[in-house]
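As a plain string of letters, each chain reads:
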Amino acid sequence: MIIIGIDPGTCVTGYGIIRTEGMSYSPIDYGCIKPPSALKLTDRYLIIFNGVEELLNKFEPDALVVETQYVKKNPQSALKLGMARGVIIVAARRKGVQVYEYVPTKAKLAIAGSGRASKHQVQRMVQRLLNLPEPPCPEDAADALALAICHAQALKQRQLLGTEI
């Protein structure tokens, strides 16, 4: 099974693609989609959409996992992030790829054993779990890989329990 994790953002959208076989995970690709910050938001959303669509066409994943919104205090940031998530979800559904969502704390818990793990801890644990020679950079790509691993673990757990996800 191929799973793509996406950590959405209007400046940097991280992605991480893994293959799962039993209890093992192997990295396929990871990186970021970085629309130029000088562009209008509407143009950045199009770049994110096109970038995700290109990844979907190239790797043909079985599932796309996107991080749910995390809102601190700024409603404008939440709206912008929600729009980025929306174009990602539309790109996946347009290709018939199932979409799953996880809160950041759940992915951190699955990877590092704590929902409050630092970005550095997530990078190091993703490196270990995927046997990478160095921590995945940038952090957004590591977060995306963590989402994909989190989903793979959830699938395995559901499989063992005999329930659907």
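Note that the structure is a prediction, hence the values are computed from the model and not measured.

Q: Would you mind showing me how to read the packing of helix α4 (residues 119–129) against helix α5 (residues 139–161) here?
A: Each packed pair of helices is defined by two parameters, the angle between the axes and the distance between the axes. Relative orientation of the contacting elements α4 and α5 amounts to 60 degrees, with a least axis distance of 9 Å. Considering their axes alone, α4 and α5 lie oblique with respect to each other. The crossing of α4 and α5 is left-handed. Along the contact surface, α4 presents Lys 119, Val 122, Gln 123, Val 126 and Leu 129, while α5 presents Glu 139, Ala 142, Asp 143, Leu 145, Ala 146 and Ile 149. Each residue belonging to the contact of α4 with α5 can be placed in one class, and the counts come to seven nonpolar, one polar and three charged.

Q: How do you make sense of helix α1 (residues 41–59) when you look at a structure like this?
A: Residues separated by three or four positions in an α-helix point in the same direction, a consequence of the helix having 3.6 residues per turn. Between its first and last C-alpha atoms α1 spans 27 Å; for 19 residues at 1.5 Å apiece the expected length is 27 Å, and the two agree. Where α1 is buried, its residues meet β1 (2–7), β2 (13–21), β3 (24–33), β4 (63–67) and α2 (75–94). Taken from the residues just after α1, Glu 60 is the one with a positive phi, measuring 45 degrees.

Q: What should I look at first to understand the pattern of salt bridges in this one?
A: Close approach of charged atoms allows side chains of opposite charge to pair. Tallied over the entire structure, the rule returns three salt bridges. For Arg 85, the salt bridge identified is with Glu 101, shortest N-O distance 2.0 Å. A residue pair is termed long-range when its members are at least 10 positions apart, and Arg 85 in helix α2 and Glu 101 in strand β5 (residues 98–102) qualify at 16 residues. By relative accessible area, Arg 85 is classed as buried at 9%. Residue classification places Glu 101 among the partly exposed residues on the basis of a relative accessible area of 44%.

Q: I'm lost on the nonpolar core in this one. Help?
A: Inside soluble globular proteins, nonpolar side chains tend to come together where they are buried. Ranked by internal contacts, the top residues of the largest apolar core, which has 22 residues, are Ile 18, Tyr 102, Val 126 and Leu 130. Mapped onto this core, the elements with two or more residues apiece are β4, β5, α3 (104–112), α4 and α5. Of all the elements, α5 adds the most residues to this core, at eight residues. Ignoring any residue separated from it by four or fewer positions in sequence, one finds Leu 130 in contact with Ile 18, Tyr 25, Ser 26, Pro 27, Leu 145 and Ile 149. Counting residues in each nonpolar core, the second largest holds 21 residues, with Ile 6, Tyr 45, Ala 84 and Val 97 among its members.

The rules we used
- Residues numbered from 1 in each chain as written.
- Predicted model: local features only at pLDDT ≥ 70, side-chain atom pairs only at ≥ 80, totals over all residues.
- Heavy atoms only, no water.
- Axes fitted to C-alpha atoms, helices over the stretch in contact; angles between N-to-C directions.
- Helix = DSSP H or I, 4+ residues; strand = E, 2+ residues; numbered from the N terminus.
- Parallel < 35°, antiparallel > 145°, perpendicular 65-115°, else oblique.
- Left-handed = near helix turned anticlockwise from the far one by under 90°.
- Contact = heavy atoms within 4.5 Å.
- Nonpolar A, V, L, I, M, F, W, Y, C, P; charged D, E, K, R; others polar.
- Expected span 1.5 Å × (residues − 1).
- Salt bridge = Lys/Arg side-chain N within 4 Å of Asp/Glu carboxyl O.
- Buried < 20%, exposed > 50% of the residue type's maximum accessible area, 1.4 Å probe, protein only.
- Core = buried A, V, L, I, M, F, W, Y, C linked by side-chain atoms within 4.5 Å.

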